[in-house]
Amino acid sequence: ILNTCVVGNTTINKGEGLCDEKTNIVTVCEGNNQMVQKQNFCGTGQVCRSQAGSFQIKCDAACQLKVGSGAQTKADLVVLSEDYNNYNDFLSSVDKAVNALNRTNLGSARLGKINLWALLDLKQTYFQGFNCPTPQGLTVACWDHNKAIATAMSRCGGDTYSIINNDTHRVGSIGGI
């Protein structure tokens, strides 16, 4: 018990732990059944990742390059998440969006001019409610575009952004791919 902790019905070793992807908080076994929360465990620009069937803590870059080379000379599109609970679901949606983008008539010459990044940050929200009027007199969902572009620029060096919304109980268009 000196170098272990009990998590549910499982005994884990000192140094192993749990990652809460939504909050990016890692809870680490310190031994003697003491679990300690560690904020920013992975460091600046990094996020913790859960691994199925394992208590090993994995750290990944918060900005994941999905299309392009990362060259500074290209336009940087940052995909932001809205209402996701884990990175795997968000990244799966980003991959689907990339596949759809590749099936367009943009061609490799145009697509070759962009880098597409996925920002792994599930804490942020850009949704503001349903109180935005349109020129046609409709009321639609509101999105905080200033926060979205500021996040894309500051976190991933983005030039623009897109939000992928996982929420099925909201209605309203966003700048999705």
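Here goes a summary of the coordinates provided. Source: prediction; values computed, not measured. (Residues numbered from 1 in each chain as written. Predicted model: local features only at pLDDT ≥ 70, side-chain atom pairs only at ≥ 80, totals over all residues. Heavy atoms only, no water.)

### Let's talk about the overall build of the protein chain
Convention followed: Note on conventions: DSSP H or I runs of at least 4 residues are helices, E runs of at least 2 residues are strands, and numbering of each starts at the N terminus. The cut-offs for exposure are 20% and 50% of the maximum accessible area for each residue type, with area from a 1.4 Å probe on protein chains only; residues under the lower value are buried, those over the upper are exposed, and the others partly exposed. Residues count as neighbours in contact if any of their non-hydrogen atoms are within 4.5 Å of one another. Charge assignment in this entry is limited to Lys and Arg as positive and Asp and Glu as negative, and neither His nor the chain termini are counted. In this description, the location of a charge corresponds to atom NZ of lysine, CZ of arginine, CG of aspartate or CD of glutamate.
Counting its regular elements, the protein chain contains 3 helices and 13 strands. Seen through its principal axes, the protein chain has C-alpha atoms that stretch 65 × 40 × 25 Å. Taken across its 177 residues, the protein chain has 38% of its residues classed as buried. A fraction of 59% describes how many contacts in the protein chain between residues 6 or more apart in sequence connect residues 24 or more apart. Mean positive and mean negative side-chain charge positions of the protein chain (15 and 14 charges, respectively) differ by 5 Å.

### Regarding helix H3 (residues 145-156)
Side chains three or four residues apart in an α-helix point the same way, a direct result of the helix having 3.6 residues per turn. For clarity, the cut-off: Here the expected length of a helix is defined as 1.5 Å per residue gap, with one fewer gap than residues. Polar contact is defined as a pair of N or O atoms within 3.5 Å, subject to the rule that within protein one atom must be able to donate a hydrogen and the other to accept it, and that residues adjacent in sequence are counted only when both atoms are side-chain atoms.
Under the 1.5 Å per step criterion, the end-to-end length of H3 is 16 Å for 12 residues, consistent within 8% with the ideal 16 Å. Packed against the buried residues of H3 are strand S8 (63-67), strand S9 (75-82), strand S10 (114-119) and strand S13 (160-165). By the N-cap criterion, in which a side-chain oxygen at the helix start approaches the backbone nitrogen of a residue two or three places on, H3 is capped by Asp-144, the distance to Asn-146 being 3.4 Å. Positive phi appears at Gly-157, one or two residues downstream of H3, with a value of about 70°.

### Focus: unusual backbone geometry
Among all residues save glycine, negative phi is the norm, and among peptide bonds the norm is trans. Of note in the backbone geometry, Asn-32 takes a positive phi value of approximately 55° without being a glycine. Its location among the elements puts Asn-32 in the loop between strand S4 (25-29) and strand S5 (35-39). A positive phi angle, close to 60°, is found at Asn-33, a residue other than glycine. As for its position among the elements, Asn-33 is in the loop between S4 and S5. For Asn-33, a relative accessible area of 38% translates into the label partly exposed.

### Quick notes on the nonpolar core
Here is the rule we go by: We define a nonpolar core as any set of buried Ala, Val, Leu, Ile, Met, Phe, Trp, Tyr and Cys residues linked to one another through side-chain atoms lying within 4.5 Å.
Counting 34 residues, the largest nonpolar core has Leu-80, Phe-90, Val-94 and Leu-116 as the members making the most contacts within it. Of all the secondary structure elements, the ones that give two or more residues to this core are S8, S9, helix H1 (87-102), S10, strand S12 (139-143), H3 and S13. Looking at which element gives the most residues to this core, the answer is H1, with 7 residues. With near-sequence residues (within four places) excluded, Leu-80 lies in contact with Phe-90, Leu-119, Tyr-126, Ala-148, Thr-151, Tyr-161, Ser-162, Ile-163 and Ile-164.

### What to know about the pattern of salt bridges
Rule in force here: Salt bridges are identified by distance alone: a Lys or Arg side-chain nitrogen within 4 Å of an Asp or Glu carboxyl oxygen.
Counted by the stated rule, this structure contains 6 salt bridges. One salt bridge in this structure joins Glu-21 and Arg-49, with 3.8 Å as the shortest N-O distance. Taken together, the positions of Glu-21 in the loop between strand S3 (17-20) and S4 and Arg-49 in strand S6 (residues 46-49) put the pair 28 residues apart, joining distant regions of the chain. Note on Arg-49: relative accessible area 9%, which makes it buried. Its salt-bridge partner being Asp-60, residue Arg-49 comes within 2.8 Å of it at the nearest N-O pair. Of this pair, Arg-49 sits in strand S6 while Asp-60 sits in strand S7 (residues 58-61), and the two are 11 residues apart along the sequence.

### Focus: the sheet that holds S8
Which entries qualify depends on this criterion: At least two DSSP bridges between two strands are required for those strands to pair. Axes here refer to lines fitted to C-alpha atoms; in helices the fit is confined to the stretch in contact. Angles between the N-to-C directions go from 0 to 180 degrees.
In space, the 4 strands of this open sheet follow the order S8-S10-S9-S13, with mixed pairing throughout. The open sheet has two free edges, formed respectively by S8 and S13, since each of these has just one partner strand. Within the sheet, the average angular offset between the axes of one strand and its neighbour, ignoring direction, is 30°. With 5 bridges joining them, S9 and S10 adopt parallel strand pairing. In the strand pairing of S10, Val-79 is matched with Ala-118. Each of S8, S9, S10 and S13 touches H1; the most contacted strand, S10, lies at about 160° to it.

Geometry only, nothing functional implied.
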